[in-house]
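# Descriptive structure summary
As a plain string of letters, each chain reads:
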Amino acid sequence: MKQVDADVVIIGSGVMGGLVATELAKAGKSVIIVEAGPRIKRQEIVERFRNSPFKMSLTNMKLQGVGSPYPDLPHVPSTYGEYLQQTGPVKYPTKYLRVVGGTTWHFGSALWRMIPNDFKLQSLYGRGRDWPIDYQELEPWYGRAERELGVSGMDGQDESGHGGEAWPPRSTPFPMTGLEPSYLFKRLSELLGKGGYNPVMEPNGRATRPYGRRPACAGNNNCNPVCPIAAKYDGSMHIDEAERHGATLLDNSVVYKIEADDAGKITGIWYRKPDGSNHHLTANYFVLAAYGIESPKLLLMSTSARYPNGIANGSDQVGRNLMGHTGISMNVMMKEDVWPGQGPTELLVYLNNRDGPFRKDFPSYKIKVRNTVPTADYAASLIKKGVLGSKLDEELKRMSARSLNFAIDFETLPLAENRIVPSKTRQDAIGLPVPEIYYSVTDYWHAGKTQGLLDFNNFARLLNADVSKIDTGYQDRQHIMGTTIMGDDAKNSVVNRHCQSHDHPNLFIAGTSVMPSASCMNPTLTGAALSLRLADYLLKTVKV
């Protein structure tokens, strides 16, 4: 075989790329990981966050462009700015990080399994697409992913939200016991339980005991944007492990072209450094793990006479079927002190409408309690109203103890018109097109919103709380799915059941972009399970 730079080149150093890299490097394969962004230091991000006058939080999205502590560099412009070009009727202002370790640096750390019915939405409910694999086939990989990412959770919960027996089926327990519910969570469970709402504690990537190199969670309550003590999992941890096993990382290296020969074999990639210089890499196999916006953009940019529509795009599905958890939220003021802000930013959810025959008519959804206290926001709004001095202090205490935010995440469907393409009108500082996004929602989503608003009304009544605000403005949840969708038919999908390109047998795609359905749950664990399964397939079947 012709001499190549590595057995495998992996594009992207987030959790998915890091998992694949670690598995291959452990097996003695030569691996090069190519990352567009820089390597960052936790202490610098924490210090920048502490010193910023604007604090990022899950309830303070508008100011995140100002308050993000992560780099905003010419060759990897931050998605908190104007990098994403929006063209559709509904904005999709997703926020992902282009740094070593990827977006898990700032994620809320929810790590859910999908449930069996999520894999057969079309055959059961006549909506969306079925997966080419079922839950049982992915189940062992979910267990592996939970161990790799160090998930803490409550064994025995009914995660379907129906308050019954443990669900979904599990062959292994959670690696760590879940975090202890706070007073807020216990009080809400008591009050909302009277209305038949079943509390579910969220499985998450926070250590509840020393786990690997991670300490136990100390409840700092700023998981977004950064865990200051590294108790929360992030993808840099697997990049570090891959390097310990011999993998090579190239940071600040923006891949802009994938090459293939006439027979369909991927022969190399080109990447650009911040100084504008271009470089070439070859390998026997390539894994694209650049997340659901950058992965399809790169494939579509990689045009040639042989592949005028880009790489892996014989089906014309690359970039299409973009999904997210477009949602709504409600702020309420309690009449008693419940003290949000203790522990992590999210943990308690309600899933009464996670699954059932209703999915023929409206989407599944999750209602989550945002366990945040944006004190600076409260202070700014009060001062604007002229509240000052001791009255300001009194009001801040009241709002911090009683103001709550509930958010709903709705499942969306894979629609061909919702898509990513390279912009034809705008480029970044190193001459590459920015991503152009078209996104919309259908009557199916609006039917879910109608149902969700009924739940909001019930919540306010059961809590004896005053509603201060309901926002139905298509909130983005930063859960990117679809765009390189999985299926058995090469005519209507991008990769097969092994995440292998239909068009290019030595190209694999890792991550949530291959998911044919979104469910209403955070997709990271599903992407991780698929990535571990992909690595195993490469080693055992393809024999890289």
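Further up the page is the structure itself.
Quick look at the structure, then. Only a predicted model underlies this, so the values are computations on that prediction, with no experimental measurement involved.

## Let's talk about the overall build of the protein
When you go through the protein residue by residue, the secondary structure sums to 12 helices and 19 strands. In terms of overall size, the protein behaves like a compact globule, its C-alpha atoms giving a radius of gyration of 23 Å where 544 residues would be expected to give roughly 24 Å. Principal axes of the C-alpha set define a box for the protein whose edges measure 75 × 50 × 45 Å. Out of the 544 residues in the protein, the part that is buried amounts to 62%. Taking the contacts inside the protein whose residues are at least 6 apart along the sequence as the reference set, 74% of them involve residues at least 24 apart. Of the charged side chains in the protein, 61 are positive and 56 negative, and the gap between their average positions amounts to 2 Å.

## Considerations on the sheet that holds strand β11 (residues 283-288)
Strands sit in the order β7-β2-β1-β11-β19 across an open sheet of 5 strands; the sheet is parallel. Sheet topology places β7 (248-250) and β19 (507-509) at the edges, where each strand pairs with a single neighbour. Strand-to-strand twist of the sheet, defined as the mean angle between neighbouring strand axes without regard to direction, takes the value 20 degrees. As judged from the 4 bridges shared by strand β1 (residues 6-11) and strand β2 (residues 31-34), these two strands associate in the parallel manner. Bridge pairing links V9 to I32 in β2. The sheet strands contacting helix α8 (residues 291-301) are β1, β11 and β19, and the helix crosses β11 at an angle near 130 degrees.

## Details of unusual backbone geometry
Look at the link from W167 to P168: it is a cis peptide, with omega at 5 degrees. Inspection of the secondary structure assignment puts P168 in the loop between β4 (152-153) and β5 (176-177). In this model, N224 is joined to P225 through a cis peptide bond whose omega is 20 degrees. Within the fold, P225 resides in the loop between β6 (199-201) and α7 (236-244). Of note in the backbone geometry, A230 takes a positive phi value of approximately 65 degrees without being a glycine. Relative to the helices and strands, A230 is located in the loop between β6 and α7. We note that D316 has phi near 60 degrees; this positive angle belongs to a residue other than glycine. With respect to the element layout, D316 can be found in the loop between α8 and β12 (327-333).

## Some points on the packing of aromatic side chains
The tally for this structure, following the rule as stated, stands at 14 aromatic pairs. Judged by centre distance (4.7 Å) and plane angle (25 degrees), the ring pair of F358 and F362 falls under stacked. The same class applies to F358 and to F362, which are both buried. An aromatic cluster of three or more residues is present, and its members are F119, W131, Y135 and Y142. Across from the ring centre of F174, 3.9 Å away, lies the NZ or CZ of R170, which sits over that ring. Between R272 and the ring centre of Y256, over which it is positioned, the NZ or CZ distance is 4.5 Å.

## Focus: the side chain of R359
With respect to the helices, strands and loops of the structure, R359 is situated in the loop between β13 (346-350) and β14 (365-370). Residue R359 is classed as buried on the basis of its relative accessible area, which comes to 0%. Separated by 3.0 Å, the side chains of R359 and E411 make a polar contact. Those residues in contact with R359 that lie beyond four places of it in its chain are N117, D118, L121, Y125, R127, R354, S364, E411, Y444 and S519.

## With respect to the pattern of salt bridges
Scanning the entire structure with this criterion turns up 31 salt bridges. Between R187 and E190 there is a salt bridge, with the nearest N and O atoms lying 3.1 Å from each other. Residue R187 and its partner E190 are both found in helix α6 (residues 183-193); the two are separated by 3 residues, about one turn of the helix. Put simply, D118, R354, D355, R359 and E411 are held in one network by salt bridges that share partners.

## Quick look at the sheet that holds strand β17 (residues 433-438)
Taking strand neighbours across the sheet as the criterion, the 3 strands line up as β3-β17-β16 in an open arrangement whose pairing is mixed. At either end of the open sheet lies a strand with only one pairing partner, and these are β3 (85-86) and β16 (419-427). Of the strand pairs in this sheet, β3 and β17 are connected by 2 bridges, and their pairing is parallel. The residue of β17 that forms the bridge with Q85 is E436. Its contacts with the sheet put α8 on β16 and β17, and the angle it makes with β16 is roughly 70 degrees.

Parameters and conventions
Residues numbered from 1 in each chain as written. Predicted model: local features only at pLDDT ≥ 70, side-chain atom pairs only at ≥ 80, totals over all residues. Heavy atoms only, no water. Helix = DSSP H or I, 4+ residues; strand = E, 2+ residues; numbered from the N terminus. Rg over C-alpha atoms; globule rule 2.2 N^0.38 Å. Buried < 20%, exposed > 50% of the residue type's maximum accessible area, 1.4 Å probe, protein only. Contact = heavy atoms within 4.5 Å. Lys, Arg positive; Asp, Glu negative; His and termini not counted. Charge placed at Lys NZ, Arg CZ, Asp CG, Glu CD. Pairing = 2+ DSSP bridges. Axes fitted to C-alpha atoms, helices over the stretch in contact; angles between N-to-C directions. Phe/Tyr/Trp six-rings, centres within 6.5 Å; stacked < 30°, edge-to-face > 60°. Lys NZ or Arg CZ within 6 Å of the ring centre and 35° of its normal. Polar contact = N/O pair within 3.5 Å; in protein donor to acceptor, adjacent residues only side chain to side chain. Salt bridge = Lys/Arg side-chain N within 4 Å of Asp/Glu carboxyl O.

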